[in-house]
Every structure is written in structure tokens, then in C-alpha cells.
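Single-letter residue listing:
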Amino acid sequence: MVNSFEKLTKIRNEKNYSYEDMATKLKISKCFYWQLEHKKRRLYYDMAKRIAEVFNLKPDDIFYEKEK
């Protein structure tokens, strides 16, 4: 099962966005974004919402892990 952060990386790569592209779109540093994507920083709902908006998705589409 793919976890939510692997899913985020996959979506980002499909859009051909770099860490820097995401950071620019979110108005945060590249380092901060990298830390979020690699679980080095806590991801709060507000940031999850902002990330999802970059991809025209809902936060649950990326960050909710469905149980099988």
C-alpha cells in the first residue's frame, strides 16, 4: 500500500514539478517543502489544503490512506 507522502511524490512527479516549483507555488522555502514531503516536519491541515490546491485536488485525495 502506498502511503500518503509517496502518493504526494508521485503526483508531484507526474506534474513534472520540482521541490523548488512546489515551494514557489506554496510560498515556502524549498527546504521546508522537502522536509514536509519526507516527514521531517509535521504536516498540518492548512498546509495539506494548500498543497492539494496546487494539484486541484482535495486534501483527502492525497493524504487520506484508505484501509483495505
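Note that residues are indexed from 1 along each chain, following the sequence as it is written. The predicted origin of the model limits local features to residues at a pLDDT of at least 70 and limits the giving and counting of side-chain atom pairs to 80 or more, whereas totals for whole chains, interfaces and linings rest on all residues. With hydrogens and water set aside, each side-chain value is computed from the structure's full complement of heavy atoms.

Moving on, we get to the environment of Ile-62. Strands here mean DSSP runs of E at least two residues long; helices mean DSSP runs of H or I at least four residues long; both are numbered from the N terminus. With respect to the helices and strands, Ile-62 occurs in helix α5 (residues 59-63). The buried category is assigned to Ile-62, whose relative accessible area is 0%. Sequence separation between Ile-62 and Lys-15 is 47 residues, and the spatial gap between their C-alpha atoms is 14 Å. Other than its neighbours up to four places away in sequence, Ile-62 contacts Ser-4, Lys-7, Leu-8, Ile-11, Ala-52, Phe-55 and Leu-57. Only protein chains enter the calculation, and the probe is 1.4 Å; a residue is then buried if its accessible area is under 20% of its type maximum, exposed if over 50%, and partly exposed in between. When checking whether two residues touch, look at their non-hydrogen atoms; a contact exists if any pair is within 4.5 Å.

In an α-helix there are 3.6 residues to a turn, and that puts residues three or four apart on one side. When helix α2 (residues 19-26) is considered as a whole, its buried residues turn out to be Met-22, Ala-23 and Leu-26. All buried residues of α2 fall inside an arc of 100° around its axis, so they share one side. Where the residues of α2 are buried, they touch α1 (4-14), α3 (30-37) and α4 (45-54). Measuring from the backbone nitrogen of Glu-20 back to the side-chain oxygen at the start of α2 gives 3.2 Å, which picks out Ser-18 as the cap. Among the residues trailing α2, Lys-27 stands out with phi positive, at a value near 60°. As used here, the arc is the angular range of directions from the helix axis to the C-beta atoms. The definition of a polar contact used here is a pair of N or O atoms within 3.5 Å, where within protein one atom must be able to donate a hydrogen and the other to accept one, and adjacent residues in sequence count solely through side-chain atom pairs.

Here we come to the environment of Asp-60. Relative to the helices and strands, Asp-60 resides in helix α5. Looking at Asp-60, the relative accessible area reads 54%, which means it is exposed. The spacing of Asp-60 and Leu-43 is 17 residues in sequence and 13 Å in space, taken between C-alpha atoms.

This part takes up the pattern of salt bridges. Whenever Lys or Arg places a side-chain nitrogen within 4 Å of a carboxyl oxygen from Asp or Glu, that contact is recorded as a salt bridge. Under the counting rule described, the total for this entry stands at two salt bridges. For Lys-10, the salt bridge is made with Glu-14, and the minimal N-O distance between the two is 3.6 Å. With Lys-10 and Glu-14 both in helix α1 and four residues apart, the pair spans about one turn of that helix. No difference in accessibility class separates Lys-10 from Glu-14, as the two residues are exposed. Notably, a salt bridge pairs Arg-12 with Glu-37, separated by 2.9 Å at the nearest N-O pair. Of this pair, Arg-12 sits in helix α1 while Glu-37 sits in helix α3; the two residues are 25 residues apart in sequence, bridging distant segments of the chain. Assessed through its relative accessible area of 4%, Glu-37 is described here as buried.

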